[in-house]
Amino acid sequence: MRKVWAYGLVMAILIGGGILALNARSLPVTVVSPERDVPLRLYGLGTVEARVLSQVGFEVGASVVSLTADAGDRVEQGRELAALQHAEQAARVARASAAVAANRASRVRAEATIARAQAVLDQRRAANHRQKDLARQDVTSIQRAEEAQRDEDVARAELDVARADLAVIAAQGADTEAALALEETLLAQYRLHAPYDAVIATRHAEPGEVVKAGDPIFTLFDPASVWIQAYVDEERAGQIALDQPGTIRLRSMPQATFHGRVARIGLESDRANEERRVWLSCTDCPETMYLGEQAEVRILTGTRDRALMVPELAIAGFDGHRGTVWVVREGRFDTLEMTFGARDDKGRVEVTSAVPNGVRIVARPASTLVAGGRARIVEAP
């Protein structure tokens, strides 16, 4: 038992001595120093997209007979891109054209009938006037005067009938012309034209294929509308505003940096990833851009003339506004609760609360730090 007690006493002495040695030994740490002209940037990862992007196809279905454009081609507005087999529709147009021609001939005939009826009416009106004058002079009988009046009335009725026939033919003409316009419109739908100046991104069909109405034939986009769609962590996105400048790096050109500005901020965030969508227009990007290419963006949300920036990893219990940091106070370690503000793309947060005189914030706290332990401040590498 005396040996056991002796061993226990020795172990206690050794442990106590180790603790005293640890407390007596100062641990080297780096601390945060104030910086000047600090840029506050936010990082986002996204892709190259186009604001104006369309999948174009025919409004009717038939077999494809020609395609005059391919992926990568630049096309002007109105250029024909593809055509369908249209013989049946062309026959309908020919039939509608014949109906219009027949109606025009009928109208000419009706107009001639009106002219003849007008001449007959003028003749019988003059004869009626003569018979009335002769009847007043008792040169002719009352009966002949009445017959002349009847002939004038009949001629007037025939003129009215001829005019009514012309009105019917005119209405029929409007119907046949509308039918022709409809058939010509349907015939035009058998040819596909570029809706705007665009670049062909994808070609979905080949000659000989039978396509249905609405099937995409080409995917095209307006090259002037290309921009970058990026995703930014919601926790940081509150600093973003329209027209803020940003830098862009394309995955295919990592050595180059391009410039842009925030053109749109999405009103709906990604619910799964808790990210906000932001679109940046690019002012000096390459002429040829590839949709879907990965891009990195850094948005400048502001600058600070003087700021104290603390790595987020150095903040315990950080809720986006408050947290606890390790500090060096009078040569010993201590903890201090502080408030924080803006963030940058280096994983740092701006200190907004007042820092007591003589207190330095530890930049890289080790897991072995203990309150009251001795600290030795070293310069950061």
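The coordinates are above.
All values derive from a computational prediction rather than experimental measurement.

Quick word on unusual backbone geometry
Stage number 1. The phi dihedral of E274 falls on the positive side, at around 55 degrees, and the residue is not glycine.
Stage number 2. When you line up the elements, E274 lands in the loop between β13 (253–265) and β14 (275–282).
Stage number 3. The class for E274 is partly exposed, based on a relative accessible area of 48%.
Stage number 4. At E330, a residue that is not glycine, the phi angle is positive and equals roughly 55 degrees.
Stage number 5. Following the sequence through the fold, E330 ends up in the loop between β18 (322–329) and β19 (332–343).
Stage number 6. The exposure class assigned to E330 is exposed, which follows from its relative accessible area of 77%.

Some remarks on the sheet that holds strand β15 (residues 294–307)
Stage number 1. With antiparallel pairing, the six strands of this closed barrel are ordered in space as β2-β11-β14-β13-β12-β15. Each strand of the sheet is rotated relative to its neighbour by a mean of 45 degrees, with strand direction disregarded.
Stage number 2. Sheet topology places strand β12 (residues 245–250) next to β15; five bridges connect them, and they run antiparallel. Among the inter-strand pairings, L250 is bridged to a residue of β15, identified as A295.

Describing the pattern of salt bridges
Stage number 1. Taken as a whole and judged by the stated rule, the model has 18 salt bridges.
Stage number 2. Two residues, K212 and D215, come together in a salt bridge whose shortest N-O distance is 3.7 Å.
Stage number 3. Where R298 meets E296, a salt bridge forms, and the shortest distance between an N and an O atom there is 3.9 Å.
Stage number 4. With a relative accessible area of 27%, E296 lands in the partly exposed category.
Stage number 5. A single network of salt bridges, built from pairs that share partners, joins E235, R236, E312 and R343.

A closer look at the nonpolar core
Stage number 1. Among the nonpolar cores identified, the biggest contains 23 residues, and I228, I240, I248, L250, V278 and M289 are the most heavily contacted of them.
Stage number 2. Elements that contribute at least two residues to this core include exactly β2 (35–50), β11 (226–233), β12, β13, β14 and β15.
Stage number 3. Residue contributions to this core peak at four residues, all from β11.
Stage number 4. Ranked by size, the runner-up nonpolar core spans 22 residues in total, among them V64, A194, A205 and V211.

Remarks on the layout of surface pockets
Stage number 1. Considering only enclosed or pocket space, the largest pocket measures out at about 320 Å³ in volume.
Stage number 2. F221, V226, E287, T288 and M289 are the residues nearest the centre of the largest pocket, which is lined by 17 residues in total.
Stage number 3. When residues in the lining of the largest pocket are grouped by element, the largest group, three residues, is from strand β8 (residues 198–203).
Stage number 4. Partitioning the lining of the largest pocket into residue classes produces 13 nonpolar, two polar and two charged.
Stage number 5. Empty space within the second largest pocket amounts to approximately 200 Å³.
Stage number 6. Taken together, eleven residues make up the lining of the second largest pocket; nearest its centre are V31, V32, S33, R348 and A363.
Stage number 7. A breakdown of the residues in the lining of the second largest pocket according to their chemical character gives six nonpolar, two polar and three charged.

Section: the environment of E293
Stage number 1. Note on placement: E293 falls in the loop between β14 and β15.
Stage number 2. Considered as a pair, E293 and A194 are 99 residues apart in the sequence and their alpha carbons are 25 Å apart.
Stage number 3. In this view, E293 contacts G46, T47, V48, L250, R251, S252 and M253; residues no more than four positions away in its chain are not counted.

Digging into the state of the cysteines
Stage number 1. Summed over the entire model, instances satisfying the criterion amount to one disulfide.
Stage number 2. A sulfur-sulfur separation of 1.7 Å characterises the disulfide bridge that pairs C282 with C285. On the S-S bond that ties C282 to C285, the torsion sits near 90 degrees, and the link is right-handed.
Stage number 3. Its relative accessible area of 19% is what places C285 among the buried residues.

Re the sheet that holds strand β6 (residues 80–84)
Strands belonging to one sheet form pairs held by backbone hydrogen bonds; the direction of such a pair is parallel or antiparallel.
Stage number 1. Strand order in the open sheet made by the four strands is β7-β6-β4-β9, with antiparallel pairing throughout. Among the strands making up the open sheet, the edge pair consists of β7 (191–193) and β9 (210–211).
Stage number 2. Strand direction decides the pairing type here: strand β4 (residues 62–67) and β9, joined by two bridges, are antiparallel. The residue bridging A62 from the neighbouring strand is V211, located in β9.

About the thresholds
Residues numbered from 1 in each chain as written. Predicted model: local features only at pLDDT ≥ 70, side-chain atom pairs only at ≥ 80, totals over all residues. Heavy atoms only, no water. Helix = DSSP H or I, 4+ residues; strand = E, 2+ residues; numbered from the N terminus. Buried < 20%, exposed > 50% of the residue type's maximum accessible area, 1.4 Å probe, protein only. Pairing = 2+ DSSP bridges. Axes fitted to C-alpha atoms, helices over the stretch in contact; angles between N-to-C directions. Salt bridge = Lys/Arg side-chain N within 4 Å of Asp/Glu carboxyl O. Core = buried A, V, L, I, M, F, W, Y, C linked by side-chain atoms within 4.5 Å. 1 Å grid on protein atoms, 1.4 Å probe; cavity = no way out; pocket = protein on both sides within 12 Å on 5 of 7 lines; lining within 4 Å. Points joined across faces, edges and corners; volume = space filled by probe spheres on them. Nonpolar A, V, L, I, M, F, W, Y, C, P; charged D, E, K, R; others polar. Contact = heavy atoms within 4.5 Å. Disulfide = S-S within 2.5 Å.

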